[in-house]
Amino acid sequence: MGVINDIKDTFSKAVFTPSTLMTGRGGLHMAQILLCVVTFVLGAFRGGSSHTYWIYAMFTWAFCPIMTLIISIIEMFKLDIILNMFCMDWHDFTTGMAMSSSLMTVSVAITYANFYACLKCLYAWIVSIFAFFCGLLYILEVVKDKFMDKKKGSYLAALPGFWKVMEAFVSCMIFVSLTGYRDKPALIVCVIAYIIPFPILPLIIATNILKKLKSCLPFNLDRFVFIFLVISVVLYIYTAIMWSIFMFRNNPRPSDCPPSFCIWAIQFMVAFLTYVNLILFTVDLVFTLLGIYGFKRT
């Protein structure tokens, strides 16, 4: 009966509370949503593009405010109390989402300015400025949560979870930058190697967030993560070597190669990000083996 009474008491607290929008956190969320939507509209009016960086920018300016809106609605109806009780650490999830959104919006602001802004491109500069303000607002939320409100992360907002987010983020940037591989079988194998770890990362993140789901798994998730990290490190060692050899052998940088329009520079970015993710996965594996900084030893 005690458990049933606890559940009834929890559900009784889930009431419509519009006053949450008037708090500093609620106002920050509304500003994030508004600014992202304005930036999305400005970017869309600039004109469509088949460029993957433009598609990534539009996705980010849509995804981040949608997630912020969902979080705001859940907190406005006090449903976070129920979620906290039954399946997740809500504060960890929201802080982790703010950190992830900061990563996405800042990276989009930089790539958009690099590819579309120029001395005579006033409209592109306006979009870029709005994009940087979007990133700034999400960084402010992270600072507020981590340093002013002293919220402690249990996974997503802690180093182990955010490390996985960074690995997934770098993987996304690699996919966005992939080009010039279709006529080279060795590079197609590299693309397959990039693809294999990618869908597993969000599953690991989601399972660790949903603690009830984690406890229902028929296998040890931490051991699975260790095996996954070993495989990922091997795959990225292969791609780090093969992509560099088959992409840049007899293919020096052209004399006229601006960063924003040169295919060679984008191909080099893939190689650079491959080494970044290799380092991230290797450090993740080492920390997991040693069981330090919150990483669970297997």
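This text goes with the structure placed above it.
Basis of the calculations
- Counting of residues starts from 1 at the beginning of each chain's written sequence and follows it residue by residue.
- At least 70 in pLDDT is required for a residue's local features to be given in this predicted model, at least 80 for side-chain atom pairs to be given and counted, and no such filter applies to totals for whole chains, interfaces and linings, which use all residues.
- As a rule here, side-chain values cover all heavy atoms of the structure and leave hydrogens and water aside.
- Secondary structure follows DSSP: runs of H or I at least 4 residues long count as helices, runs of E at least 2 residues long count as strands, and numbering of each begins at the N terminus.
- Contact criterion: two residues are considered in contact whenever any of their non-hydrogen atoms come within 4.5 Å of each other.
- Here the Shrake-Rupley method, with its probe set to 1.4 Å, supplies the accessible areas, and only the displayed protein chains count as covering residues.
- Axis definition: a line fitted to C-alpha atoms, over the contacting stretch in the case of helices. Angles run 0 to 180 degrees between N-to-C directions.
- Any angle that falls under 35 degrees is termed roughly parallel, while one over 145 is termed roughly antiparallel, one within 65 to 115 roughly perpendicular, and all others oblique.
- Throughout, a crossing is termed right-handed when the near helix is turned clockwise from the far one, and left-handed when it is turned anticlockwise from it by less than a right angle.
- Each residue after the first adds 1.5 Å to the expected span of a helix.
- Aromatic contacts are taken between Phe, Tyr and Trp rings whose centres are within 6.5 Å, Trp giving its six-membered ring; a plane angle under 30 degrees counts as stacked, one over 60 as edge-to-face, and the others as tilted.
- Classification of residues uses two cut-offs on accessible area relative to the type maximum, computed with a 1.4 Å probe and protein chains only: under 20% is buried, over 50% is exposed, and between them is partly exposed.
- Geometrically, a lysine NZ or arginine CZ counts as sitting over a ring once it is within 6 Å of the ring centre and also within 35 degrees of the ring normal.
- Think of a nonpolar core as a cluster: buried Ala, Val, Leu, Ile, Met, Phe, Trp, Tyr and Cys residues, connected wherever their side-chain atoms sit within 4.5 Å.
- Any Lys or Arg side-chain nitrogen found within 4 Å of a carboxyl oxygen on Asp or Glu counts as a salt bridge.
- Counting of polar contacts relies on pairs of N or O atoms within 3.5 Å, with two restrictions inside protein: one atom must be capable of donating a hydrogen and the other of accepting it, and residues adjacent in sequence are counted only when both atoms are side-chain atoms.
- The patch calculation keeps residues exceeding 30% relative accessible area without a salt bridge and links them within 9 Å when they carry like charges or within 5 Å when they are nonpolar (Val, Leu, Ile, Met, Phe, Trp, Tyr).

**Q** I keep staring at the overall build of the protein chain and nothing clicks. Help me out?
**A** Within the protein chain one finds 12 helices and zero strands. Within the protein chain, contacts between residues separated by at least 24 positions form 76% of all contacts whose residues are at least 6 apart in sequence. In the form shown here, the protein chain has an accessible surface area of approximately 15,400 Å², with 75% of it arising from carbon and sulfur atoms.

**Q** Would you take a moment to explain the side chain of Thr-60 for this structure?
**A** Checked against the element boundaries, Thr-60 lands in helix 3 (residues 52–76). For Thr-60, the contacting residues outside a window of four places in its chain are Pro-65, Met-104, Thr-105 and Val-108.

**Q** Would you mind going over the packing of helix 7 (residues 159–177) against helix 9 (residues 200–209) with me for this structure?
**A** One way to put it is that helix 7 packs onto helix 9 with a least axis distance of 10 Å and a crossing angle of 155 degrees. With respect to helix 9, the element helix 7 is oriented roughly antiparallel. For the crossing formed where helix 7 meets helix 9, the hand is left-handed. Across from Lys-164, Val-165, Glu-167, Ala-168 and Ser-171 in helix 7, the residues of helix 9 making contact are Leu-201, Ile-204 and Ile-205.

**Q** I keep staring at helix 12 (residues 263–290) and nothing clicks. Help me out?
**A** Residues separated by three or four positions in an α-helix point in the same direction, a consequence of the helix having 3.6 residues per turn. Along its 28 residues, helix 12 runs 41 Å from first to last C-alpha, staying within 8% of the 40 Å computed at 1.5 Å per residue. Remark: Gly-291 follows helix 12 within two positions and exhibits a positive phi of approximately 65 degrees.

**Q** I'm lost on the packing of aromatic side chains in this one. Help?
**A** For any pair of aromatic rings, the description consists of the separation of the ring centres together with the inter-plane angle of the planes. Tallied over the entire structure, the rule returns 15 aromatic pairs. Look at Phe-228 and Phe-281: their rings are 6.1 Å apart centre to centre, the planes differ by 75 degrees, and that puts the pair in the edge-to-face class. Taken together, the positions of Phe-228 in helix 11 (residues 221–248) and Phe-281 in helix 12 put the pair 53 residues apart, joining distant regions of the chain. Of the two residues, Phe-228 and Phe-281, both sit in the buried class. Chaining the aromatic ring pairs together yields one cluster made of Tyr-194, Phe-228, Tyr-236, Trp-243 and Phe-281. Over the aromatic face of Phe-246 sits the side chain of Arg-249, whose NZ or CZ is 5.1 Å from the ring centroid.

**Q** In this structure, what is going on with the nonpolar core? I would like to understand it.
**A** Taken as a class, soluble globular proteins show a tendency for nonpolar side chains to be buried jointly. In terms of nonpolar packing, the biggest core is built from 82 residues, with Trp-61, Phe-93, Ile-174, Leu-178, Tyr-194 and Trp-243 touching the most fellow members. Ignoring sequence-local partners within four residues, the contact set of Leu-178 consists of Val-191, Tyr-194, Trp-243 and Val-270.

**Q** Would you mind showing me how to read unusual backbone geometry here?
**A** Apart from glycine, the bulk of residues carry a negative phi angle, and the bulk of peptide bonds sit in the trans form. Despite not being glycine, Lys-78 shows a phi value in the positive range, around 60 degrees. Summarising the element assignment, Lys-78 is placed in the loop between helix 3 and helix 4 (79–86). Of the residues examined, Lys-78 reaches a relative accessible area of 27% and is grouped as partly exposed.

**Q** Help me out: how do you make sense of the pattern of salt bridges in this one?
**A** Opposite charge on two side chains lets them pair, provided their charged atoms get close. Here the structure, examined in full by the defined rule, presents four salt bridges. Taking the shortest distance from any N to any O, the salt bridge between Glu-141 and Arg-25 comes out at 3.6 Å. In this pair, Glu-141 sits in helix 6 (residues 122–148) while Arg-25 sits in helix 2 (residues 24–45), placing the two residues 116 residues apart along the sequence. Classification of Arg-25 by relative accessible area gives buried; the value is 13%.

**Q** Could you clarify how one ought to interpret the environment of Ser-177 in this entry?
**A** Within the fold, Ser-177 resides in helix 7. Distance from Ser-177 to His-51, taken between C-alpha atoms, is 9.6 Å for residues 126 residues apart in sequence. Once residues within four sequence positions are removed from consideration, Ser-177 is found in contact with Tyr-53, Ile-266, Met-269, Val-270 and Leu-273. Side-chain polar atoms of Ser-177 contact the side chain of Tyr-53, separated by 2.5 Å.

**Q** How do you make sense of a nonpolar patch on the surface when you look at a structure like this?
**A** Together, Val-37, Phe-40, Val-41, Phe-45 and Tyr-123 make up a nonpolar patch on the protein surface, roughly 460 Å² of accessible area in all. No other element matches the four residues that helix 2 contributes to the nonpolar patch. For Phe-40, the location among the structural elements is in helix 2. Taking the relative accessible area as the measure of exposure, Phe-40 reaches 31% and is therefore partly exposed.

**Q** Teacher, can you tell me more about the environment of Cys-36 here?
**A** As for its placement among the helices and strands, Cys-36 is situated in helix 2. Counting along the chain gives 25 residues from Cys-36 to Trp-61, while the straight-line C-alpha distance between them is 5.2 Å. In contact with Cys-36, not counting residues within four places along its chain, are Trp-61, Pro-65, Cys-134 and Tyr-138.

**Q** What exactly am I supposed to notice about the packing of helix 2 against helix 3 here?
**A** Axis angle and axis distance: for two packed helices, these are the angle between their axes and the distance between the axes, and together they describe the pair. Direction vectors running N to C along helix 2 and helix 3 enclose 155 degrees, while the axes themselves pass 9 Å from each other. Between helix 2 and helix 3, the crossing angle belongs to the class labelled roughly antiparallel. Considering only the axes of helix 2 and helix 3, their crossing is left-handed. Contacts from Arg-25, His-29, Met-30, Gln-32, Ile-33, Cys-36, Thr-39, Phe-40, Gly-43 and Ala-44 of helix 2 reach helix 3 at Trp-54, Met-58, Trp-61, Ala-62, Pro-65, Thr-68, Leu-69, Ile-71, Ser-72 and Glu-75.

All we've got here are geometric facts, nothing functional implied.
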